[in-house]
There are 2 protein chains.
Amino acid sequence: MRARPVVPATPGRRGLGVGEVRLADGFWARLQETNARATLEHCRTWMERLGWLANFDVVAAGTTGGERPGWQFSDSEVYKLLEAMAWELARTGDPALEATYDRLVDRVAAAQDEDGYLNTCFGHAGQAGRYTDLESGHELYCTGHLLQAAVARFRTAGDGRLVEVARRAADQACAEFGTGARAGICGHPEIEVGLAELGRALGEPRYTEQARLFVERRGHGTLEPIRLLSPAYFQDDVPVREADVWSGHAVRALYLAAGAVDVAVDTGDADLLGSVTRQWERTVERRTYLTGGMGSRHQDEGFGDDWELPPDRAYCETCAGIASTMVSWRLYLATGDVRYADLMERTYYNVVATSPRSDGQAFFYANPLHQRVARQDVEPDTENPRAEGGVRAPWFDVSCCPTNVARTLASWHAYVASVDGDELTLLQYAAGEVRTALDDGGELALRVETRYPDDGSVRVEVLDAPDRDVTLRLRVPAWADGATVAGPGTGRAAHAAAPGWVEVREVLRRGDVVVLELPVAPRLTWPDPRVDAVRGCVAVERGPLVLCAESTDLPAGAALEDLRIDPTAEPRPEADGAVVRGTLLTRRASGAQSSGLPYSGVAPVHEPFEELELPLVPYHRWAERGPSTMRVFLPTL
Amino acid sequence: MRARPVVPATPGRRGLGVGEVRLADGFWARLQETNARATLEHCRTWMERLGWLANFDVVAAGTTGGERPGWQFSDSEVYKLLEAMAWELARTGDPALEATYDRLVDRVAAAQDEDGYLNTCFGHAGQAGRYTDLESGHELYCTGHLLQAAVARFRTAGDGRLVEVARRAADQACAEFGTGARAGICGHPEIEVGLAELGRALGEPRYTEQARLFVERRGHGTLEPIRLLSPAYFQDDVPVREADVWSGHAVRALYLAAGAVDVAVDTGDADLLGSVTRQWERTVERRTYLTGGMGSRHQDEGFGDDWELPPDRAYCETCAGIASTMVSWRLYLATGDVRYADLMERTYYNVVATSPRSDGQAFFYANPLHQRVARQDVEPDTENPRAEGGVRAPWFDVSCCPTNVARTLASWHAYVASVDGDELTLLQYAAGEVRTALDDGGELALRVETRYPDDGSVRVEVLDAPDRDVTLRLRVPAWADGATVAGPGTGRAAHAAAPGWVEVREVLRRGDVVVLELPVAPRLTWPDPRVDAVRGCVAVERGPLVLCAESTDLPAGAALEDLRIDPTAEPRPEADGAVVRGTLLTRRASGAQSSGLPYSGVAPVHEPFEELELPLVPYHRWAERGPSTMRVFLPTL
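Since we're looking at a predicted model, the values are computed, not measured. (Residues numbered from 1 in each chain as written. Chains lettered and ligands numbered in written order. Predicted model: local features only at pLDDT ≥ 70, side-chain atom pairs only at ≥ 80, totals over all residues. Heavy atoms only, no water.)

A.B. asks: Please explain the relation of the copies chain A and chain B as it appears in this structure.
C.D. replies: One chain copy maps onto the other through a rotation about an axis and a shift parallel to that axis. When chain A is fitted to chain B, the residual RMSD is 0.0 Å, and the transformation amounts to a turn of 180° plus an axial shift of 0.0 Å. Look at the turn and shift together and you get a two-fold axis relating the two. When C-alpha positions in chain A are compared against the rotation axis, the closest is assigned to A:Q299, at 2.0 Å. By residue overlap, the copies meet face to face through one surface: 100% of the interface positions of chain A are interface positions in chain B. (Least-squares fit on C-alpha atoms with pLDDT ≥ 70 in both. Contact = heavy atoms within 4.5 Å.)

Here it is in structure tokens:
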């Protein structure tokens, strides 16, 4: 099945369909299994319990007007779950899940108004009128997620009830907000990407045009500021094509950018595409964490100024990480540039994989890189009202992250490779099989064997290939200094593979093997000196994994705040982590601090030291061994 | 006139009254003049324009029910202005101000209900009922500020209309929330300090008891969390006497602590006083900025975790600085410990004096120690919806700071000295005269001549003294390493004066002179290594002033982010600032950052350097020479 999340209307590079890739046991297969086994039902149960599903029944029954549980955007969680289920059904075809899915779709469909409008919070008896609060109402945001859910279903199972619901909802939005109608936009972008993709799926240019209108209308200050939140909060301060960096609420900025790329590609708008590309570049250069996380501020869940990347108060919302991969995937398809796939890998391993607890039933919302106070996970039956760092919670008051993780994991294998003509490119390394009909005819099938990221060896075996030259491309990540490749077309002997692409152009035969060796020995990483908040610190990475020090691994009585790392010592590999050499400060500062304040007229003296060897663990698995403090950036002085 | 802001019911140490101190030209006299000449009327005009004053007329006219301008707590700004005016009237007796004051009081009084309840937002036709929203309603908070305003008036002018209004409002609050009545507390502490002080002023123990009840009731989770804000936000998570550090919303925490000290002192509750003392110590040690600023987070205007002191996202609300001096003053009176006066000085010069623009018509709300993006002040007629750093605005959507600055500056001279028996202590150094009747009889009068803080020489001349041994104490700040004192009782020759107190116990004669020399040469200050956000940086202080580098003073084309300071070079004194030796990085990092991210596998190399000598200016005057970037902590590497 060639079904996949993003299908540009233009010919050229395409992702592989969910039916063209099958993961074997490994890092992502395990996450996907847990998602299928635990997370989907976990999300459904929570939304049933909280009444977010019953909201649809209430509208269907015409009994609105009472107290409605959930925020005004709770419908969107149902749609993201439906999207996740659609991808999951395409992967496994589980009949029990299919039945659950159908029942959910029936409840959603039953709440749709005659004219296609569908929202459980507005527009019915006892509710505020439709589109009376574009700033905060999130109606079009919800519709956008409905459309994405329908696109997933349409591409994996063809037309059907949810697709019909989405089509009518899209038509209603177009009627309300089309050319000559109301020139509004939604406070939270999402409708753009939903309409663009539905337009592609159904071959309906009106939807693409409506997406284009929403993108173009933005940035002209038509939304009223919400008290403390400025127009920049919802990207209504600068037109998309004039912005040079992402700012404001991170998820909003990134969903908007994803929609803008879809519009730019489908309408051939090179100027708009160039704008988003420049925004990506500057944002990655100055406003992105080592984990790939985006969003420096809790206050507005937003980007900070350039170089404002505090590790402790990093917001790095899980959804912003996911949204970032959505943008990067679109830019990769549009340009073929390897750096987008690089950032996706970084974000997948260090944001997306960090959020869910191993059991798939609790999630990080914020993903800070430094935790000073050990915090306990939220109890299984308790909803978390906040999004503080260091706490995985089963559900949140604003619970966007769990269902977003679910839909991303369920479709993750659709992002591991791309095809362009006779060229197949492996972008992400996971054990499994890839089988695709090449655009120029014939089938290419590969088996990937690897224990990546624990091990850097990736063995690609040809299972089937057409009887002509084809190109197999493998991504060599930017960090992979010293990678080698061996196989047909490369002289069979291992030779150096510089970061970027390594290409094998050959008549491939069944049984041919290409081996890529990526150096996953732990390595030190230094921040740009302009990232003030981590001056004098280094981080340790291992392959695509950002590592961290967790208090769990310290000697009894020691505290992370007293740790200093020796940056002249090579970190030593160990399992999926590393061991670094360091010291513990036993005296922090000399000199009188008679003011009582943490500042002194005498420079701090650090002696005597107590030496130690400290294991570092993958950041994505921190806080799973009990409450702990943690830091990614380790002081050297 | 012995009128003063805080008058413990117990005998012992007391502050000087506003009539006992007269400032001569100097740092604080100039701020006080600007406050009198510009700020008071500025605040009144804004509140008239916005309808916050008319809200009282509307209640008086019985025409409530329409749209009411301002937040639910806007009444409190009127009361803080009335408090400021009362202090100012005691200083100057300006008849025009008196008339303005009387008219304002009349409008306020006219809005009081029959039973003493007074609030323009609740409890009248078309409004929510009284005390129906203790979490956010701020009714008792407003009442607390009313009582403080009345206390200022009572102590400076005796009984009168506002005092009568306050008495009735206090009685109403006691009836509503007294023993056996409703056991509620207000989401925003302030009523405690208001009731305690009114109880002292009027000799009414019921008010003190009601303050005690409010303090004791707090911390038991009776307030409902407001969505994202936890009970810690309004200090309802831990009882006051059990807390070991301040947390949550900084202004709330500090107003509460001030009230708790008043209650502890007047009821002889040593346990409660000890608790607040410990909270002060730990907060100063781990949660306080070099400027004395408190509050590390924008999100909830709150304290962060220990050592979480980011310079760029420092909130350091002006009001929190003021509230901190309120707490320290009370603890000083209760304990006589010099460190409280030290922190007050730090906070006065670097937070309170930083907020108002030189013309007294625009104010910083947040006081960050690092500004990466140059921002323009808000236009004269424009209200600022936010509280971002780097912008002085004439008024704010939530406009607590301007009137708080006004009342603090108008009464500032009441905090410069204290008397205990035959001992007079000079706490803050400002040119002027002090004349007080000693508790043990006789009058002591001193003239202080100094250009402090520009110069560290403080000359104290005796104008009058009783004919017996008295003690004159001078504070030697904790930073004043190398201070000397000369005068009667010290052998007349200058000798070393260690930080703390220097005492002169003598039969003082008219014409006797004591000279304190405080070393105000600029000095380097290092942060505790646990303050991660400024690792590898030093600050420069000069006497009580924190200095900062402002982009205005850089060579053309240079950027603050490229500045490195040589910490081995002594900063050179210059005017009220300093000159430091530094370099500008001309290359930031070597090695490929092919990822596009601001992290590299190669340690940054800083060469070649361009050397420079950079003037530093007092932090309190930054952003007055046009938009600029700024930093207090200067990287050394």
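From this point on, the discussion continues.
A.B. asks: How should the sheet that holds strand 1 (residues 14-15) of chain B be read in this particular structure?
C.D. replies: To summarise the sheet geometry, strands pair through backbone hydrogen bonds and adopt either a parallel or an antiparallel arrangement. All names here are of chain B. Reading across from one edge, 1-6-7-11-14 is the order of the five strands in this open sheet, with mixed pairing throughout. Since the sheet does not close on itself, it has two edges, and those belong to strand 1 and strand 14 (500-507), each with one partner. Across two bridges, the pairing between strand 1 and strand 6 (residues 417-420) is antiparallel. Residue G15 lies in a different strand from strand 6, and its bridge partner there is S418. Against the sheet, helix 12 (residues 338-352) touches strand 11 (469-476) and strand 14, its axis set at about 50° to strand 11. (Pairing = 2+ DSSP bridges. Helix = DSSP H or I, 4+ residues; strand = E, 2+ residues; numbered from the N terminus. Axes fitted to C-alpha atoms, helices over the stretch in contact; angles between N-to-C directions.)

A.B. asks: Even after reading the chapter, I still don't get the pattern of salt bridges, so can you show me in this structure?
C.D. replies: Once their charged atoms are close, side chains differing in charge can pair, the charge on each being opposite to the other. Using the criterion set out here, one finds 144 salt bridges over all chains in the structure. Note that B:R200 and B:D266 form a salt bridge whose closest N and O atoms lie 2.7 Å from each other. Of this pair, B:R200 sits in helix 7 (residues 191-202) while B:D266 sits in helix 9 (residues 250-267); the two residues are 66 residues apart in sequence, bridging distant segments of the chain. Each member of the pair B:R200 and B:D266 is classed as buried. Connected via shared salt-bridge partners are A:R22, A:E433, A:R447, A:E449, A:R459 and A:E461. (Salt bridge = Lys/Arg side-chain N within 4 Å of Asp/Glu carboxyl O. Buried < 20%, exposed > 50% of the residue type's maximum accessible area, 1.4 Å probe, protein only.)

A.B. asks: Looking at this structure, how should I read the interface of chain A and chain B?
C.D. replies: Many descriptions give the size of an interface as the accessible area lost when the pieces come together. Taken residue by residue, the interface counts 63 residues in chain A and 63 residues in chain B. Surface buried jointly by chain A and chain B totals about 5600 Å² across both partners, of which 55% is contributed by carbon and sulfur atoms. Taken together, chain A and chain B are joined by eight salt bridges. Across the pair B:R631 and A:D532 runs a salt bridge whose closest N-O atoms are separated by 2.9 Å. Connecting chain A to chain B are 16 residue pairs in polar contact (both at pLDDT 80 or more). Of all the secondary-structure elements, those providing two or more residues to the side of chain A that touches chain B are helix 10 (270-286), helix 12 (338-352), strand 16 (523-527) and strand 22 (599-600) of chain A. For the side of chain A that touches chain B, the element with the most residues is strand 16 of chain A, which contributes four residues. For the side of chain A that touches chain B, the class distribution of residues is 28 nonpolar, 14 polar and 21 charged. The pairing of strand 22 of chain A with strand 16 (residues 523-527) of chain B spans two bridges and is antiparallel. (Buried area = accessible area lost by both parts, 1.4 Å probe. Polar contact = N/O pair within 3.5 Å; in protein donor to acceptor, adjacent residues only side chain to side chain. Nonpolar A, V, L, I, M, F, W, Y, C, P; charged D, E, K, R; others polar.)

A.B. asks: Any chance you could explain the nonpolar core here in plain terms?
C.D. replies: The biggest cluster of nonpolar side chains holds 210 residues, and the ones touching the most others in it are A:W28, A:L82, A:W246, A:L474 and A:V632. The greatest single-element share of this core, amounting to 13 residues, is contributed by helix 9 (residues 250-267) of chain A. When near neighbours in sequence (up to four residues on either side) are disregarded, A:W246 contacts A:A253, A:L254, A:A257, A:V276, A:Q279, A:W280, A:T283, A:R287, A:M294, A:F303 and A:V327. Grouped together as the second largest cluster of nonpolar side chains are 209 residues, B:A170, B:L272, B:W412 and B:V448 included. (Core = buried A, V, L, I, M, F, W, Y, C linked by side-chain atoms within 4.5 Å.)

A.B. asks: Would you mind showing me how to read the confidence of the model for chain A here?
C.D. replies: When pLDDT is low, close inspection of the predicted coordinates is not appropriate. Residue-level pLDDT values for chain A average 95, and 98% of them are 70 or greater. At the level of chain-chain contacts, confidence expressed as ipTM amounts to 0.94, with global pTM at 0.96. (pLDDT = per-residue confidence, 0-100.)

A.B. asks: Explanation requested: the sheet that holds strand 9 (residues 443-450) of chain B in the structure shown.
C.D. replies: Residue and element names in this part refer to chain B. With antiparallel pairing, the seven strands of this open sheet are ordered in space as 2-8-9-10-15-12-13. Looking at strand neighbours, the two that pair on one side only are strand 2 (21-23) and strand 13 (495-496), the edges of this open sheet. Pairing geometry for strand 8 (residues 432-437) and strand 9, over six bridges, is antiparallel. Paired with R435 across the two strands is A445, which belongs to strand 9.

A.B. asks: Would you explain the environment of B:E624 in this entry?
C.D. replies: Residues and elements named next belong to chain B. Looking at where E624 falls in the secondary structure, it is placed in the loop between strand 23 (609-618) and strand 24 (630-631). Put simply, E624 and R357 are 267 residues apart on the chain and 7.2 Å apart in space, counted from C-alpha to C-alpha. Setting aside residues up to four positions removed in sequence, E624 forms contacts with R357, S358, R392 and E550.

A.B. asks: What is the right way to read the environment of A:T267 from this model?
C.D. replies: All names here are of chain A. Mapped onto the elements of the fold, T267 is located in helix 9. Expressed as a C-alpha distance, the spacing of T267 and G596, which sit 329 residues apart in the sequence, is 63 Å. A distance of 2.7 Å separates a polar side-chain atom of T267 from the backbone oxygen of V263.

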